[in-house]
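# Analysis of the macromolecular model
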Amino acid sequence: GVLCVVADRRLHNYFFILNAMSEEDVVDPFPKIKQECGKHCPSQLKAYEACKSRISASKEGDCEAWYFDYVHCVDHCAAPKIFKLLK
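Residues numbered from 1 in each chain as written. Predicted model: local features only at pLDDT ≥ 70, side-chain atom pairs only at ≥ 80, totals over all residues. Heavy atoms only, no water.

On to the state of the cysteines, then. Under the criterion given, the structure shown has three disulfides. One disulfide in the model links C37 with C77; its S-S distance is 2.2 Å. Measuring handedness by torsion sign, the sulfur bridge of C37 and C77 sits at about -65 degrees and is left-handed. Pair noted here: C37 is in helix α1 (residues 30-38) and C77 is in helix α3 (residues 64-84), with a separation of 40 residues, a long-range link. Across a sulfur-sulfur distance of 2.0 Å, C41 and C73 are joined as a disulfide pair. With the S-S bond torsion at -90 degrees, the cross-link from C41 to C73 turns out left-handed. With a gap of 32 residues between them, C41 in the loop between α1 and α2 (42-58) and C73 in helix α3 connect regions that are remote in the sequence. A residue is classified by how much of its surface remains accessible, and C73, at 17% relative accessible area, is buried. Cysteine pairing in the chain follows 1-6, 2-5, 3-4, where each cysteine in a disulfide is numbered by its order in the sequence. (Disulfide = S-S within 2.5 Å. Helix = DSSP H or I, 4+ residues; strand = E, 2+ residues; numbered from the N terminus. Buried < 20%, exposed > 50% of the residue type's maximum accessible area, 1.4 Å probe, protein only.)

So this is what it looks like as structure tokens:
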């Protein structure tokens with residue numbers, strides 16, 4: 001079968017589409033890889049969590065920049081692992 005990846009970095013969604021002719025069971029490897037790679041980004045996660053705490057207390061602002069810093073770190077780790085799985 002042919003495995004294709006469509007990625008929308010802004011939304012951080014990954015969709016794995018298997019060729020309809022294939023009989024393989026498709027397992028999305030991204031959640032596991034994302035979890036593993038999240039462990040490599042503790043400072044970004046800590047900054048994002050701290051921002052969320054500040055925002056929930058003040059009810060003003062957002063943490064978009066901190067979230068994207070964390071996602072960028074995770075993507076930097078995950079991308080080579082994901083693309084290595086492509087056929």
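Right, picking up where we left off after that structure.
Now for the packing of aromatic side chains. Scanning the model with the defined rule gives two aromatic pairs in all. Look at Y67 and F68: their rings are 5.4 Å apart centre to centre, the planes differ by 70 degrees, and that puts the pair in the edge-to-face class. Look at Y67 and you get partly exposed, because its relative accessible area is 29%. The class for F68 is partly exposed, based on a relative accessible area of 30%. An aromatic cluster is defined as three or more aromatic residues linked by ring pairs; in this entry it consists of Y48, Y67 and F68. Directly above the ring of W66 sits R54, whose terminal nitrogen or CZ lies 5.6 Å from the centroid. (Phe/Tyr/Trp six-rings, centres within 6.5 Å; stacked < 30°, edge-to-face > 60°. Lys NZ or Arg CZ within 6 Å of the ring centre and 35° of its normal.)

Nothing here speaks to function; it is geometry throughout.
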